[in-house]
Amino acid sequence: MTAPKTLDAPYEPPRIFGSDYRTATLGILLVVTLIAFEGMSIGAVMPAVSEDLDALDLYGMSFSAFLISGLFANVVAGLWSDRRGHALPFLLGVGLFVVGMAMAGAAGSKELFIVARAVQGLGGGAVIVAIYVMIARVYLPEVRPRVFAALSAAWVLPALVGPGLGGIIAETVGWRWVFYGIVPLVIPALLMLLPALRTGEGPSPEPATGPRSRPLAMTLAAAATAGGAGVLLYGVDRLHDTPVPGGIATAAGLVALAVGLPRLLPPRALRFGRGLPTTVMMRGILASAFFGVNAFIPLLLTQVRGLSVIEAGVALTIGALGWTTGSYLQTRRAYDRPRLVRLGATAVTTGILLTLLALVPALTAWVAVPAWVVAGFGMGIGITSVNVTAMRQSPDAEQGANSAALQVVDTLGGALTIGFGGVLINLIGHDDIATGYTTIVVLMAAVGLLGVIVAGRMRDAS
């Protein structure tokens, strides 16, 4: 990109939908929207899938298979992007995602459907990391906040219409067409992105030499982390009815995570070292706190306050709009990013605590809506600022590894807090959802408060 030709002409950074970036931006957003639609609609169609394939016993596995395989793909795609460029992992990821969608649509048994979900996860996990690297290598630094804001916005339409549209498709032409229908839409996205894939590659950066540059070690660490997360989630889910097997699985999962996870993160990340280590960890803190409560708001509103499922979903939908608003506002000027992330963590923590007002009988249950707008707003300014800062702090040869690390802590954080939240609900009892929800809120607010305290450590050591 060339600089202005006259000294007195104000420099205007390129627009993400201008001639320089239009096709790349549209292609990225279309791919992310398709992945988001699949993620948002799967919950609506799973009851139909379970009935058709007699898969109620594997209901949760259909979600965790996507999660665990995606976590593994995050790491492998990041390593590949650093060593060989992001084009090939992106194309392979899109291919695997499409194959997984077709397999899910054609699945004749619950076992094949679970395999299809795992293939989708491999593709989706690779695509997201490759897109982060693409953004770092194709877009100018001053443009990246707008691109990450647009990525957040790409989740809004699927959040609004995905569950409803998925349910309509399942009830009219059949649940299989929720998966089949996405496949042909991938073609225009790929055509738009081909120029950006070529442009963004350029000369390969000098290969990294740190511990996260070793393919075999990183692959084994990714397998240990993904497997450990899966075993841990299985174990905690069984603790309330089979304590001994559940406890053994939980311990085994924790050991595997302790062995694999540190290798996937920047050095000193688990100790919140200054600069990039804390930046990466902030993504996990925000995701843990937000999603650890987000998953249980519908339970609170339906089981405690008597709202319908559709009414309860409104709170989550409007929370998504708050997220988009926060993402947009952080593009308006050059902010101090660590300060913005601290503000985001404060808003998330505040929103989490405000949802407790929905438990007060004298207040309307709809008080959860503005509470979750506050939390969503905090995620919008916080997550986007974390992504921008992480790409700025990453050497070219480590952009893939650090993009993968962001996805790993995000995925693990949300999955584990949701899993442990489910354990608390089961242990406290289904006849006392209010107490279980209150306990979850207090714990997740403590996680958010930790983010408020450590956000300043995102600044590079002087």
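Thresholds, definitions, all that
Residues numbered from 1 in each chain as written. Predicted model: local features only at pLDDT ≥ 70, side-chain atom pairs only at ≥ 80, totals over all residues. Heavy atoms only, no water. UniProt positions renumbered as here; feature names shortened; annotations may be inferred. pLDDT = per-residue confidence, 0-100. Helix = DSSP H or I, 4+ residues; strand = E, 2+ residues; numbered from the N terminus. Axes fitted to C-alpha atoms, helices over the stretch in contact; angles between N-to-C directions. Parallel < 35°, antiparallel > 145°, perpendicular 65-115°, else oblique. Left-handed = near helix turned anticlockwise from the far one by under 90°. Nonpolar A, V, L, I, M, F, W, Y, C, P; charged D, E, K, R; others polar. Phe/Tyr/Trp six-rings, centres within 6.5 Å; stacked < 30°, edge-to-face > 60°. Buried < 20%, exposed > 50% of the residue type's maximum accessible area, 1.4 Å probe, protein only. Expected span 1.5 Å × (residues − 1).

As recorded in an unreviewed UniProt entry, the protein chain goes by the name Major Facilitator Superfamily protein, listed as coming from Streptosporangium canum. Note on the protein chain: under the UniProt heading Subcellular location (unreviewed entry), the record states "Cell membrane".

Of the residues in the protein chain, 88% reach a pLDDT of 70 or more, and the chain-wide mean stands at 82. Averaged pLDDT values over the elements of the protein chain bottom out at 72 in helix H8 (residues 186–201) and peak at 95 in helix H14 (residues 337–354).

Glancing now at the packing of helix H9 (residues 215–238) against helix H10 (residues 243–264). Contact geometry for H9 and H10: axes closest at 7 Å, N-to-C directions at 155°. Viewed along their axes, H9 and H10 adopt a mutual orientation that is roughly antiparallel. The element H9 and its partner H10 pack so that their crossing is left-handed. When its residues are assigned to classes, the contact of H9 with H10 shows 18 nonpolar, 7 polar and 2 charged.

Right, let's get into the packing of aromatic side chains. The final tally for this structure, using the stated rule, is 10 aromatic pairs. When the ring of Tyr 132 is compared with that of Phe 148, the centres are 5.3 Å apart and the planes differ by 75°; the resulting orientation is edge-to-face. Taken together, the residues Tyr 132 in helix H4 (residues 110–138) and Phe 148 in helix H5 (residues 144–153) connect sequence positions 16 residues apart. The same class applies to Tyr 132 as to Phe 148, namely buried. Ring centres of Phe 290 and Phe 291 lie 5.1 Å apart, and the angle between their planes is 90°; on these two criteria the pair is classed as edge-to-face.

So, about helix H15 (residues 368–393). The first and last C-alpha atoms of H15 sit 37 Å apart over 26 residues, in line with the 38 Å expected at 1.5 Å per residue. Judged by how many residues are buried, H15 sits mostly within the fold: 21 of 26 residues are covered.

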